[in-house]
Amino acid sequence: MTTRVLIVRHGATLSSGEDSFNGETDVPLSELGRDAARALGRRLADERIDAFYASPLSRALETARLIAAPHGKEVTPIPDLREVSHGRWEGKLRAEVEGLYAEEYGRWEADPFSYGPAGGETGVAVTARALPALLGLVGVHAGERVLVVSHKATIRLLLASLLGLDPRRYRDRLDCSPAGLTVLEFRGPASARLALFNDTSHYAAPGGAGSTRD
């Protein structure tokens, strides 16, 4: 019995392209982000999806609701699927963080899995909350299809853990585009197979709704 999990990063936001740290900051979707989410909704409209879940941050919830609209289903928020908290870096541009907290930033760049900024989370902490949440959904929906909308770092950390990749290199080895679709197939609670990775064929890229960075 296979459980199919469709994992989606939220669409582009009003801060996309700024190269800023907006993990737990509740930045809304841009119109480009909404367009990409609607496009994915149209792409998946004829597929059976039994349940929809999302991080409680508005950019993830709105993305999920736009995708779920053709199915006429509600979206359930899962707090543990939220994005990594960047602590005192939140809302700041990368260049500003490099200037203000050079040593701290250097340690994070070298190993974001084990190290986090003051007041923020490590990759270890994000994995510790997000992985049980995802595997819990797999258990509840055994043999079904579910869609989950989360965030760039959280998704990449989940994939690194489930696929046996070095989590210290998750930022270098895995991409995650806005409104990108990844599909995992579970034949058991800890047996994940990657069936599709970061697919954005539902919108025009590069230069389209998901070409910006968040």
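For the structure itself, look to the data block above.
In this text the structure is predicted, and so the values were computed from the model without any measurement.

A.B. asks: Can you lay out the pairing of strand β1 (residues 3–9) for me, pointing to particular residues and giving the numbers?
C.D. replies: Along β1, 6 of the 7 residues are buried, which leaves the element largely enclosed by surrounding structure. In the sheet, β1 pairs with strand β5 (residues 181–188) via 6 bridges, with the strands oriented antiparallel. Its bridge partner lying in β5, Val 8 is registered against Leu 181. Inspection of the sheet shows β1 paired to strand β4 (residues 145–150) by 6 bridges, in the parallel sense.

A.B. asks: Lay out the packing of aromatic side chains in plain terms, naming residues and giving numbers.
C.D. replies: Across all of its chains, the model carries 5 aromatic pairs by this definition. Measuring from centroid to centroid gives 5.9 Å for Trp 89 and Tyr 105, while their planes differ by 45°, and the two rings are tilted. Linking Trp 89 in the loop between β3 (75–77) and α3 (94–100) with Tyr 105 in helix α4 (residues 102–110), this pair joins segments that are 16 residues apart in sequence. One exposure class covers both Trp 89 and Tyr 105, and it is buried. Consider the rings of Trp 89 and Trp 108, whose centres lie 5.3 Å apart with planes at 85°: the pair is edge-to-face. Of this pair, Trp 89 sits in the loop between β3 and α3 while Trp 108 sits in helix α4, and the two are 19 residues apart along the sequence.

A.B. asks: Just give me the short version of the side chain of His 71, but keep the residues and values in it.
C.D. replies: Mapped onto the fold, His 71 is located in the loop between α2 (58–68) and β3. Each residue touching His 71, except ones within four places of it in the same chain, is listed here: Leu 44, Ala 45, Glu 47, Ile 49 and Phe 52.

The rules behind each value
- Counting from 1, residues in each chain are numbered in the order their sequence is written.
- Where totals are concerned, whole chains, interfaces and linings use all residues; where local detail is concerned, this predicted model gives features only for residues with pLDDT of at least 70, and gives and counts side-chain atom pairs only at 80 or more.
- Side-chain metrics in this entry use all non-hydrogen atoms of the structure; hydrogen atoms and water are not considered.
- Relative accessibility under 20% of the residue-type maximum defines a buried residue, over 50% an exposed one, and the middle range a partly exposed one, all with a 1.4 Å probe and only protein chains included.
- Secondary structure elements follow DSSP: runs of H or I of four or more residues count as helices, runs of E of two or more count as strands, with numbering from the N terminus.
- In this description, strands pair whenever DSSP reports at least two bridges between them.
- Classification of ring pairs uses Phe, Tyr and Trp, with its six-membered ring standing for Trp, and accepts pairs whose centres are within 6.5 Å; under 30 degrees between planes counts as stacked, over 60 as edge-to-face, and the remaining range as tilted.
- What makes two residues a contact is simply this: any of their non-hydrogen atoms within 4.5 Å.

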